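Survey of secondary and tertiary structure
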Amino acid sequence: MSQFSRLFYFEWKKICKRKGTWICLAILTAFYLVTGIFYFVGSKYVDGEFLETHIDGRDRDLANGRRMKGTKIDQQLLMQIQEAFGSIPADDPKYQLTDEYLSNVRPYEGVYQIVNNMLYNSSGRTLHVTEEELYEIRDNNVKSTWDQYGLTEAEIEYWKNKEGHIEKPFTYEYAQAYDFLVSMSGVYRVCLLVTFFIAVCMSGVFTEEHGRRTDQLILCSRLGRKQIYYAKIAAGSVFSLLVTVILLLCSIFSAFLFYGTDGFSAAIQLIAPQYSYDMTMGEAFLILAGILLLSSVMASIFTMILSELTKSSIASMAVVIAVMFLARLIPIPLMYRVISQAWNFMPINLLKFDAGFWDPRLVPVFGLKLTSWQFVPAVYILLSIVFLYAGKKIYCGYQVQGR
Amino acid sequence: MELVVDRLTKQYKNKIAVDRISFDFRKGVYGLLGANGAGKTTFMRMLCGILQPTGGNVVFDGIDVATEEYRSVLGYLPQDFGYYPNFTGMDFMLYLAALKGFGKKYAAKKSKELLELVSLSEAANKKIKTYSGGMKQRIGIAQALLNDPKILVLDEPTAGLDPKERVRFRNLIAEIGKDSIVILSTHIVSDIEHIADIVLIMKDGQMIFDGQREEIKEDLEQFYLKKIG
């Protein structure tokens, strides 16, 4: 076993021996178990009347979705939806409880939601729209989004080119599991929980030595400067990465267990109709997951270095959690292009699918135009290296005094 | 074997904690006496490379204090050293052995030997948080000896030891002092009397006395009290 791996082992052991680590993990596990149970227990009610259990609802939607797999969202399907909705008693507020709804309309519910999304601000037209109108409205919404973000001519050209690769009419596929994973309940929720975990558990990796006064023994040892610094960073980062992977797997497991594994190859436009990239839901999820893993390493390095700089685990915890909340709560107006684009690169924003991920503004790099999710991995890696280097200077320059 | 301290100084905003101390240490046991605030701990921290001096330098056989090579021959027991409560005694020793650059097998062998030397073999697999004050001090001494140091710096090493343990400790230090430089700071004058070859007295950051123990004809405590005024 190399010397570095021995130091890594002991730093890992220290993290594992902390009560805070296990309390935090227990809270996260309990959270996942409790919220996971909600999917399986409980029922849906309409105006106080029982409709179905969640499990039964899932089974119906899954069966309907699989039956409709591969169906084009075209004029024929739109007419079928309109006809089905026409069979519902118009003035019955509890129409979802009627046989007409369950047998005629329910099978189209998934597609209906997609069409609604495509119509965006014109959703009142769902039951009257033709195929031509539907895609025209969708295209107008796309262009309106480009205007809203203030895209340059070159960027518009780029996205027009990408639009050309998107298959129209869209093809329906049941993809609830992937919708779950790329939405607030999936990758985004893991990001929030992991940030909380990192803030609480990684802020003590360096400060513990000062608090316990073991820093004197470490700093006067042969490997007590550079090597132990890297061992601490490595142990903290790998631990954070492992927790991220576990929570991500819990999300995936919950999604697949409840919704089934269908939908990897479903077009992303089924949940994000205004997005012009030719990508599947599975690909989007994998990209988000990859960015999440990178961001967890970066965040853990940042937290550890901040704690060494401030010599306070409370301060670094507070900063990390504050940054996470402020990044979500403070919107930067789009007219401040560079700042708002950079703000969207923060993990808490980028991993929110309908915020940072599908931001159409591009980043020019050596003649190439990169989307935010293409550019950001390099940013996170670079920042991790910068934090690592800065942290080494801070740690190795530490002087034991004043006690 | 020579540890050269040349005009070593540590100045803070309002105070000079160590004031241009120059001294050459060779093999033997050096007893460092001084009142609280005299600068002993600051001086020792600079000798161990964990506190950067404002001026001067420390060199051992041509090796500067701020190098890995220097730290590889150094053993240090701080006055207020810390530990990991949930580590066992053996875990603690193995961790520090890893920090000193030892491989797994050698670390295990050496840790076992040292724990036996300080009478902690039976408590080796118990968590340090269950140790008494004396046991914690003994494990501190043991870790300082892991790398068979050529420079051994001990700050108040006998605090918390009972009389029997203190005698064992003195004998151990005397033995180590035959082949290494041992610098021992303490308020317990009798420790210096029994084991130090050379007595150093610090006052207000300066070395006001250094001499062989034998040269001090009177009671050491009286001599010390006279020196510091």
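So, how was this worked out
Residues numbered from 1 in each chain as written. Chains lettered and ligands numbered in written order. Predicted model: local features only at pLDDT ≥ 70, side-chain atom pairs only at ≥ 80, totals over all residues. Domains from an automatic or database assignment. Contact = placed C-beta atoms within 7 Å. Helix = DSSP H or I, 4+ residues; strand = E, 2+ residues; numbered from the N terminus. Nonpolar A, V, L, I, M, F, W, Y, C, P; charged D, E, K, R; others polar. Axes fitted to C-alpha atoms, helices over the stretch in contact; angles between N-to-C directions. Parallel < 35°, antiparallel > 145°, perpendicular 65-115°, else oblique. Left-handed = near helix turned anticlockwise from the far one by under 90°.

1. Topic: the domain arrangement of chain B
Residue and element names in this part refer to chain B. Here the domain parsing of chain B yields domain 1 (1-73 + 150-229) and domain 2 (83-148). A C-alpha centroid distance of 24 Å is found between domain 1 and domain 2. Each partner contributes residues to the interface: domain 1 has ten residues there, and domain 2 has eight residues. Those elements that place two or more of their residues in the side of domain 1 that touches domain 2 are β7 (151-155) and α6 (163-176). Of the residues assigned to the side of domain 1 that touches domain 2, the class counts are six nonpolar, two polar and two charged.

2. What to know about the domain arrangement of chain A
Many analyses report the size of an interface as the accessible area lost when the parts associate. Residue and element names in this part refer to chain A. Under the domain assignment, chain A is made up of domain 1 (3-39 + 176-396) and domain 2 (70-163). Taking only C-alpha atoms into account, the centre of domain 1 sits 35 Å from that of domain 2. Counting residues at the interface gives twelve residues for domain 1, matched by 17 residues for domain 2. Grouping the constituent residues of the side of domain 1 that touches domain 2 by class yields six nonpolar, two polar and four charged.

3. Notes on unusual backbone geometry
Going from A:Lys168 to A:Pro169, the amide bond is cis rather than trans, its omega being -5 degrees. Mapped onto the fold, A:Pro169 is located in the loop between α8 (153-163) and α9 (176-182). One non-glycine residue with positive phi stands out, namely B:Arg7, at about 45 degrees. Following the sequence through the fold, B:Arg7 ends up in strand β1 (residues 3-11). The phi dihedral of B:Asp61 is positive, around 45 degrees, even though this residue is not glycine. In this structure, B:Asp61 sits in the loop between β4 (55-60) and β5 (63-64).

4. Brief notes about the packing of helix α14 (residues 281-310) of chain A against helix α19 (residues 372-396) of chain A
Residues and elements named next belong to chain A. Across the interface, α14 lies against α19 with an axial gap of 9 Å and an inter-helix angle of 20 degrees. Considering the angle they form, α14 stands roughly parallel to α19. Note that α14 runs across α19; the crossing there is left-handed. Within the contact of α14 with α19, the residues separate by chemical class into 21 nonpolar, three polar and one charged.

5. A look at the interface of chain A and chain B
The partner chain B presents 26 residues to the 24 residues of chain A that form the contact. Those elements giving two or more residues to the side of chain A that touches chain B turn out to be α1 (3-17) and α12 (215-219) of chain A. For the side of chain A that touches chain B, the element with the highest residue contribution is α1(A), accounting for six residues. A breakdown of the residues in the side of chain A that touches chain B according to their chemical character gives ten nonpolar, seven polar and seven charged.

6. Regarding the packing of α14(A) against helix α15 (residues 313-329) of chain A
Residue and element names in this part refer to chain A. α15 packs onto α14 with a crossing angle of 135 degrees between their chain directions and a minimal axis gap of 8 Å. As judged from the angle between their axes, α14 and α15 are oblique. As α14 packs across α15, the resulting crossing turns out to be right-handed. Listed contacts from α15 to Thr 303, Leu 306, Ser 307 and Thr 310 of α14 are Ser 313, Ala 315, Ser 316, Val 319 and Val 320. Its residues placed into classes, the contact of α14 with α15 shows four nonpolar, five polar and no charged.

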